[in-house]
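Working through the structure, step by step
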Amino acid sequence: MTKRSHRFGLLGLVAIIAMAPLGFPNAYFYDVATTAMIQAVVCVGLNLLIGYAGQISLGHAGFFALGAYGSAILTSRFGLPPLAALAASALAVVTLAFVLGRPILKLAGHTLAMATLGIGIIIHIVLKTESWLTGGPDGMSVDPFSVLGLTIDGDRAWYWVCGFLLALAVWLSCNLIDSPVGRALRAVHGSEVAAQVAGIDTGRTKLLVFVVSAVFASLMGGVFAHKNGFVTPDLASFFRSIELVTMVVLGGMASSFGAVAGAVILTLLPQFLAGFEDYEAVVLGAIMIGTMIFLPKGLLPSIKALARRRVRS
Amino acid sequence: MAAQLLQLVFSGLTSGAIYALAGLGFAIIYNASNVINFAQGEFIMIGGMAAATLVAAGMPLPLAALVAVAGTMLVGMVLEKLAVEPAREAGTMAIIIITIGASILLRGLAQLAWGKGFHTLPAFSGERPLAVAGATLMPQSLWVLGVVVAVIVALWWFFSRTLFGKAMLATSYNRLAAELVGIGSRRVLLAAFALSALLGAVGGVVVTPITFANTDAGIMLGLKGFAAAVLGGLGSGLGAIVGGLIVGLVEALAAGTLSSAYKDAIAFVIILVVLIFMPQGLFGKKAVDRV
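Calculation criteria
Residues numbered from 1 in each chain as written. Chains lettered and ligands numbered in written order. Predicted model: local features only at pLDDT ≥ 70, side-chain atom pairs only at ≥ 80, totals over all residues. Helix = DSSP H or I, 4+ residues; strand = E, 2+ residues; numbered from the N terminus. Rg over C-alpha atoms; globule rule 2.2 N^0.38 Å. Buried ≥ 20, exposed ≤ 12 C-beta atoms within 10 Å, placed from the backbone. Contact = placed C-beta atoms within 7 Å. Nonpolar A, V, L, I, M, F, W, Y, C, P; charged D, E, K, R; others polar. Domains from an automatic or database assignment. Core = buried A, V, L, I, M, F, W, Y, C linked by C-beta atoms within 7 Å. Axes fitted to C-alpha atoms, helices over the stretch in contact; angles between N-to-C directions. Parallel < 35°, antiparallel > 145°, perpendicular 65-115°, else oblique. Expected span 1.5 Å × (residues − 1).

Let's shift gears to the overall build of chain B. Secondary structure summary: chain B contains eleven helices and two strands in total. Taken from the N to the C terminus, the helices and strands of chain B come in the order α-α-α-α-β-β-α-α-α-α-α-α-α. Here chain B has a C-alpha radius of gyration of 19 Å; the compact-globule value for 291 residues is 19 Å, and the two agree. In terms of overall dimensions, chain B has a C-alpha envelope of 60 × 45 × 35 Å along the principal axes. Across the 291 residues of chain B, 49% fall into the buried class. Put simply, 76% of the contacts in chain B that link residues at least 6 apart link residues at least 24 apart.

Once that is clear, we can look at the overall build of chain A. Counting its regular elements, chain A contains 14 helices and four strands. In terms of C-alpha radius of gyration, chain A reaches 19 Å, essentially the compact-globule figure of 20 Å for 313 residues. Viewed in the frame of its principal axes, chain A has a C-alpha envelope of about 55 × 50 × 40 Å. Across the 313 residues that make up chain A, the buried fraction comes to 49%. Taking contacts inside chain A between residues at least 6 apart in sequence as the whole, the part at least 24 apart equals 77%.

This part is about the interface of chain A and chain B. At the junction of the two partners, chain A supplies 36 residues and chain B supplies 40 residues. Looking at the side of chain A that touches chain B, the elements that each hand over two or more residues are helix H4 (82-104), helix H5 (109-129), helix H9 (192-197), helix H11 (238-251) and helix H13 (280-294) of chain A. Residue contributions to the side of chain A that touches chain B peak at twelve residues, all from H5 of chain A. For the side of chain A that touches chain B, the per-class residue count stands at 26 nonpolar, eight polar and two charged.

Residues and elements named next belong to chain B. Domains assigned within chain B are domain 1 (24-212) and domain 2 (216-285). Contacts between the two partners involve 15 residues from domain 1, matched on the other side by 15 residues from domain 2. Partitioned by chemical class, the residues of the side of domain 1 that touches domain 2 number eight nonpolar, five polar and two charged.

If you look at the biggest cluster of nonpolar residues, it comprises 190 residues, and the most contacted ones within it are Ala40 and Cys43 of chain A together with Ala227 and Ile271 of chain B. A total of 15 residues in this core trace back to one element, the largest contributor, which is helix H2 (residues 27-52) of chain A. Beyond its immediate stretch of four places on either side in the chain, alanine 40 of chain A contacts Leu166, Ala259, Val260, Ala263 and Val264 of chain A.

Next up on the list: the packing of helix H3 (residues 60-76) of chain A against H5 of chain A. When two helices pack together, their arrangement is given by the angle between the helix axes and the distance between those axes. As a packed pair, H3 of chain A and H5 of chain A sit with axes 8 Å apart at the nearest point and diverge in direction by 30°. Contacts between H3 of chain A and H5 of chain A pair Ala61, Gly62, Ala65, Leu66 and Tyr69 of chain A from the former with Ile119, Gly120, Ile123, His124 and Leu127 of chain A from the latter.

Another aspect to go through is the packing of helix H1 (residues 2-33) of chain B against helix H9 (residues 217-232) of chain B. All names here are of chain B. Between H1 and H9, whose axes approach to 7 Å, the crossing angle comes to 70°. With respect to H9, the element H1 is oriented roughly perpendicular. From H1, Ile18, Tyr19, Ala20, Ala22, Gly23, Gly25, Phe26 and Ala27 reach across to H9, where they touch Leu221, Gly222, Lys224, Gly225, Phe226, Ala228, Ala229 and Gly232.

Here isoleucine 73 of chain A lies in helix H3. The spacing of isoleucine 73 of chain A and leucine 86 of chain A is 13 residues in sequence and 11 Å in space, taken between C-alpha atoms.

A separate point is helix H5 (residues 139-161) of chain B. All names here are of chain B. Here H5 contains 23 residues, and its C-alpha end-to-end distance of 32 Å stays within 8% of the 33 Å for a straight helix at 1.5 Å per residue. Among all positions in H5, only Gln140, Ser141, Val144 and Val148 are buried. The elements touched by buried residues of H5 are H1, strand S2 (135-137) and helix H8 (185-211).

With respect to the helices and strands, alanine 198 of chain A occurs in the loop between H9 and helix H10 (202-228). Spatially, the C-alpha atom of alanine 198 of chain A lies 9.5 Å from that of alanine 184 of chain A, the residues being 14 residues apart in sequence.

Next up on the list: the environment of tryptophan 160 of chain A. Residue and element names in this part refer to chain A. As for its placement among the helices and strands, tryptophan 160 is situated in helix H7 (residues 154-178). The partly exposed category is assigned to tryptophan 160, around which 15 C-beta atoms lie within 10 Å. A sequence separation of 126 residues divides tryptophan 160 from threonine 34, and the C-alpha atoms of the two residues are 8.4 Å apart.

All names here are of chain B. We note that asparagine 34 has phi near 60°; this positive angle belongs to a residue other than glycine. Among the secondary structure elements, asparagine 34 is positioned in the loop between H1 and helix H2 (40-56). Taking the number of C-beta atoms within 10 Å as the measure of exposure, asparagine 34 has 15 and is therefore partly exposed. Despite not being glycine, phenylalanine 212 shows a phi value in the positive range, around 65°.

Encoded structure:
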């Protein structure tokens with residue numbers, strides 16, 4: 001994608017976020033849309049890793065949950081202001097991602113999948129087990145988010161905050177992709193050895209993106225904790241990590257807007273299946289298989305390719 | 001203390017044997033196609049659940065086990081035909097998503113068919129524990145170990161003594177060369193899925209009297225089988241067996257002496273440590289990146 005199409009896409013996204021509430025009949029819609037946008041920001045970050053750098057992570061829900069629990073624990077048990085808690089948890093996740101990322105990003109393909117999956121599962125089990133700190137399997141409640149005496153309250157307020165964050169995240173990731181780091185990333189995806197030959201420090205580039213994507217997840221975990229008012233260890237479950245990867249792949253790898261689309265579609269899916277909850281797993285599984293077979297590039301890039309072909313003929 | 005330790009070793013070997021079977025399932029499919037089949041755990045679940053349902057419906061155990069294993073093999077082959085085969089040329093990431101999708105789909109279908117409750121099988125030869133050097137050993141554990149050893153011997157025979165087994169091995173060494181001498185790599189892949197499903201289902205049937213089975217049982221078993229396969233070195237049969245036993249033993253010892261809450265985390269801690277220091281696993285070949 002060129003810089004210009006990025007700018008168009010970003011404007012379109014802002015317009016959609018601004019106009020969407022016109023079609024919301026009640027507060028519940030704001031709530032669902034906010035959840036979708038929180039997931040979307042995580043996916044925009046994860047897409048940098050999966051779509052651009054070509055590295056898989058089956059453990060990103062772990063970073064999300066660490067951010068959520070960091071905010072929950074630091075505000076309620078240690079009395080830190082929410083913004084400081086958010087920053088402190090993000091810093092902790094940066095350290096963790098940096099320390100773990102250095103050795104495990106040397107792995108490729110399936111072994112990297114195994115290592116990241118392991119990190120996610122270990123985080124999940126720790127959150128479930130250390131109940132003196134985390135409340136155990138029942139989870140813990142989180143205070144509302146307030147900064148400088150101003151409290152973000154209600155579904156509408158959260159919608160606008162998360163809408164702003166989503167636009168910001170997409171803008172940041174588009175800038176990153178158009179920067180030298182972005183070009184290095186794409187080179188790593190194409191061929192790591194060739195990238196090295198061209199003088200790119202592939203290890204550092206991959207680590208940078210891994211850490212950035214972990215920070216996106218951690219920050220949004222904190223936002224989610226305050227918005228939801230409650231966190232449980234299942235935020236870190238293997239299933240959640242899979243869901244995040246599926247959102248990225250479904251929407252279209254190597255497209256920030258695709259990641260947003262994937263996140264929105266999969267968050268809305270259970271709403272459409274209301275009354276058919278028993279079939280949710282079957283539908284999700286079928287979507288995952290079907291997308292990969294029929295639209296291997298994901299929804300957005302496939303639609304774009306189709307449109308381009310139409311225009312030409 | 002010694003008796004306690006022996007007790008933990010028994011339980012570790014029993015679960016390790018199941019991880020080894022699952023790990024072998026991963027290795028066989030990986031060798032045939034470089035695919036990691038994340039639905040491997042669901043084969044274990046389907047085998048166990050199907051056998052339990054059939055026995056509960058009045059079918060004699062040996063027949064129920066046979067039907068359950070055959071049914072699971074069919075599921076494996078359908079999975080290969082409908083989901084993996086059409087995406088053969090797609091990348092690693094696509095195949096990972098497809099097999100994870102397949103595992104979610106199979107679990108969803110199993111939940112529709114069997115509900116969320118636990119099912120169980122009667123122990124094959126009674127519940128009277130045997131006393132061994134102060135520790136107790138359930139007869140079903142002997143069944144698990146015996147069946148797993150028998151399966152491994154049969155696999156060894158299949159891969160080293162039969163033409164088709166050798167053809168599968170040849171494909172794993174070099175697919176193009178194997179195709180050039182007339183080995184159909186599609187048939188090999190189909191057979192690999194059938195064989196892996198068989199290994200999973202057999203494991204599921206023999207372990208269900210000990211652990212019980214519900215539709216979620218396959219997730220952890222599958223992931224630990226994957227850990228076993230990676231620990232031993234992806235694609236190495238011996239590696240998967242040794243990896244499975246190591247995971248089972250360390251897990252049981254750690255759960256018994258340190259903390260039982262972290263039992264499920266142990267396998268992943270081991271695998272992280274091993275991957276950081278020995279990225280190829282214990283018996284893996286050094287991979288060479290072709291540019």
